[in-house]
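These are the residues of each chain, in order.
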Amino acid sequence: MAEAALDALRERLNRFHALNAAAGVLDWDMETRMPRAGAASRALQYGAVLRAAHETLVDAQTLRLVDALAPRFSRADDESGDAALWRWAERETRRRRLLPAALVEDLARATARAQDVWAEARAKSDFALFRPELERVLALKRRQAEALAPAGDLYYAWLGEHEPGLTTADVDRLFSQLEPGLSALARAAAARAPSARPPALSGRFDVARQRVLGEAAARLIGFDFSRGMIDESAHPFSCALSLGDVRLTTRYDESDPFSNVFTVLHEAGHGLYEQGVDPALADTPLCGGATMALHESQSRLWENLVGRGRPFWTAFLPRLREIFPSTSALGLDEVLAHVNRAQPSFIRVEADELTYSLHVLLRYDLERRLLSGALRVAELPEAWNAGMRARLGVTPPDDAHGVLQDVHWSAGLFGYFPTYALGNMISVQLYEAARKARPGMEECLSRGDAQPLLSWLRENVHRHGRAFSAEQIVRRACGGPISAAPYLAYLRGKYAA
Ligand code: ZN
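Residues numbered from 1 in each chain as written. Predicted model: local features only at pLDDT ≥ 70, side-chain atom pairs only at ≥ 80, totals over all residues. Heavy atoms only, no water.

### Looking at the overall build of the chain
Regarding its fold elements, the chain presents 20 helices and three strands. Over its C-alpha trace the chain gives a radius of gyration of 22 Å, about what one expects of a compact globule, namely 23 Å for 497 residues. Across the 497 residues in the chain, those meeting the buried criterion constitute 57%. Within the chain, contacts between residues separated by at least 24 positions form 72% of all contacts whose residues are at least 6 apart in sequence. Summing over all exposed atoms, the chain offers an accessible surface of approximately 19500 Å²; the carbon and sulfur share of this is 52%. (Helix = DSSP H or I, 4+ residues; strand = E, 2+ residues; numbered from the N terminus. Rg over C-alpha atoms; globule rule 2.2 N^0.38 Å. Buried < 20%, exposed > 50% of the residue type's maximum accessible area, 1.4 Å probe, protein only. Contact = heavy atoms within 4.5 Å. Areas by Shrake-Rupley, 256 points an atom, 1.4 Å probe, with all protein chains shown as cover.)

Below is the structure:
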């Protein structure tokens, strides 16, 4: 009887997962290949598939099966795969059953439309064009939060979509540990004269060659192209459709060959996580990154701890010189100084390691004010610019370099931004634990072999998929809780000098 119930539950959960992956294909296509004239119909398609996924997860039969299996799996110390799957189902059905299916569909439609308009508004730097779309999405997101947290922490309703297990109070505590030290370091860096751009980087860098360079960077860190690909989009992202189909996007800047390299390292970091999940979890809801903070810890680890380090560039600089002979005079120390310069700038995804999290703190603050009603969408561009001045000391020249730069709010991804700063913290904790466990890993990396680091991450993070929370995975791998202290110490060591 119990086996039959478990099989029936598994079948329903896997159908939910398959429908979500199908929505992922629609979203991928929408952001990379779809003609704009397809946008209105795509919004309907996207809404229909996500509604079907939602209804599969929270219908009476699934809820009955979750309840029936509770006596067998509700012991927290049961580490079997079946118990992990049941715990995921219990948590997600408890949360999502509070959402009306019509709201799920409306939100999916509104975000599909808003992303299309956002791309145009960003290209034209025209916030007025985007404003009604954002107002519509925000109104639906507020209804969603009220449905999920009728009496409690509204922001957690958003945060919990991306970071289950961490409360708003946890994020506040971690950010209050981070912010004073980070702001002081950033102010000191801003006061130093900006380093000059190396002359070898002043030319034009052909996009076709940049594509080859980006793929070489992804291959060096271990991204498996037989189970993945890189495409192009307005805002880079990654999307895992299955263990055998992990997709990344990048974008190219003809004046800067590093922008694409770091974007690819970031997105391939997400991709490595998805490619590294235990094949036993394939095509189940446990197949994927545990939380977005843990996901961003992987992307930021490869982008920063690896990608801005001496071992990586020792191995990779010859490839850059070979693909762009105009850089053949560029020395290793010159590259390292260039990719590690810290100066306040407008665009988060291109920000240096030091100022990056300040962009995140600004968005976290704005989101909470939008949710409480203290800030209206119409006031957002001005509030954004005021926040940039206060935190980074710079004023964006236009809204494309300000409030319109990120895709997240158009996509309904409120509550997501904090996971970037949390990911930064975790990335340093994991990298240090890996270095302790694999003392020769940087030596190997400087010869172009990322396997010692990658295999440690596979063993300690990737293979678990969603079987554990971010906090559990960090405690097991690093011997302590998620903390801002190692990240701040790392930044001090790098930038205080
Ligand atoms: Zn990311």
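### Quick word on the pairing of strand β3 (residues 245-250)
In terms of burial, β3 is a largely internal element, five of the six residues being buried. Note: strand β1 (residues 228-232) against β3, five bridges, orientation parallel. For Gly228, the partnering residue across the bridge sits in β3 and is Val246. Where strand β2 (residues 238-242) lies against β3, four bridges are found, and the strand directions are antiparallel. (Pairing = 2+ DSSP bridges.)

### As for the pattern of salt bridges
Opposite charge on two side chains permits them to pair, given that their charged atoms come into close proximity. Summed over the entire model, instances satisfying the criterion amount to 42 salt bridges. When the shortest N-O distance is used, the salt bridge between Asp7 and Arg10 registers 3.0 Å. Here Arg10 and Asp7 lie together in helix α1 (residues 2-32), a separation of three residues that amounts to about one turn. With relative accessibility at 25%, the residue Arg10 sits in the partly exposed group. Linking Lys141 and Glu161 is a salt bridge whose minimum nitrogen-to-oxygen distance equals 3.1 Å. Highlighted residues: Lys141 in helix α6 (residues 127-148) and Glu161 in helix α7 (residues 154-162), separated in sequence by 20 residues. A residue is classified by how much of its surface remains accessible, and Lys141, at 2% relative accessible area, is buried. Residues joined in a network through salt bridges with shared partners are Arg36, Asp116, Glu120 and Lys124. (Salt bridge = Lys/Arg side-chain N within 4 Å of Asp/Glu carboxyl O.)

### Notes on the side chain of Asn340
Locating Asn340 in the fold gives a position in the loop between α13 (332-339) and α14 (353-372). Residue class for Asn340 comes out buried when judged on its relative accessible area of 16%. A polar atom in the side chain of Asn340 sits 2.9 Å from the backbone oxygen of Leu336. Within polar-contact distance, the side chain of Asn340 engages the side chain of Lys494 at 2.8 Å. Leaving out residues up to four positions away in the same chain, Asn340 has contacts with Arg308, Glu353, Lys494 and Tyr495. (Polar contact = N/O pair within 3.5 Å; in protein donor to acceptor, adjacent residues only side chain to side chain.)

### A few points about the coordination of the zinc ion
All of the protein donors around the zinc ion are His266 (NE2), His270 (NE2), Glu296 (OE) and Glu296 (OE); their distances to the metal are 2.1 to 2.6 Å. Geometry at the zinc ion is irregular, judged from its four donor atoms and the angles of 53 to 146° they form at the metal. Written as a sequence motif, the donor residues of the zinc ion are H-x3-H-x25-E. Within this pair, whereas His270 is found in helix α10 (residues 257-275), its partner Glu296 is found in helix α11 (residues 292-306), the two being separated by 26 residues in sequence. The class for His270 is buried, based on a relative accessible area of 4%. (Donors = N, O, S within 2.8 Å, 3.2 Å for Na, K, Ca; no water. Tetrahedral: all angles 85-135°; square planar, octahedral: opposite > 155°, others 65-115°.)

### Brief notes about the sheet that holds β1
Overall, mixed pairing links the three strands, which are arranged β1-β3-β2 in an open sheet. Of all the strands in the sheet, just β1 and β2 have a single pairing partner and so form its edges. The sheet shows a mean angle of 20° between the axes of neighbouring strands, direction not considered. (Axes fitted to C-alpha atoms, helices over the stretch in contact; angles between N-to-C directions.)

### Regarding the domain arrangement of the chain
By a widespread convention, an interface's size corresponds to the accessible area lost as its parts come together. Domain assignment breaks the chain into domain 1 (2-125) and domain 2 (169-495). When each unit is reduced to the centre of its C-alpha atoms, the spacing between domain 1 and domain 2 is 27 Å. On the side of domain 2, 32 residues touch domain 1, which itself brings 23 residues to the contact. Here domain 1 and domain 2 share an interface that buries about 2400 Å² over both sides, 64% of which is from carbon and sulfur atoms. It is Trp28, Trp118 and Arg122 that lose the most area in domain 1 upon contact with domain 2, and together they represent 32% of the buried surface on that side. Counting across the domain 1 and domain 2 interface gives two salt bridges. (Domains from an automatic or database assignment. Buried area = accessible area lost by both parts, 1.4 Å probe.)

### Section: the packing of α11 against helix α16 (residues 418-437)
Where α11 contacts α16, the axes come no closer than 7 Å and their chain directions differ by 60°. Handedness of the crossing formed by α11 with α16: right-handed. Contacts between α11 and α16 involve Met292, Ala293, Leu294, Glu296, Ser297, Gln298, Arg300, Leu301, Asn304, Leu305 and Val306 on the former and, on the latter, Thr419, Tyr420, Leu422, Gly423, Asn424, Ile426, Ser427, Val428, Leu430 and Tyr431. Residues that form the contact of α11 with α16 fall into these classes: twelve nonpolar, seven polar and two charged. (Left-handed = near helix turned anticlockwise from the far one by under 90°. Nonpolar A, V, L, I, M, F, W, Y, C, P; charged D, E, K, R; others polar.)

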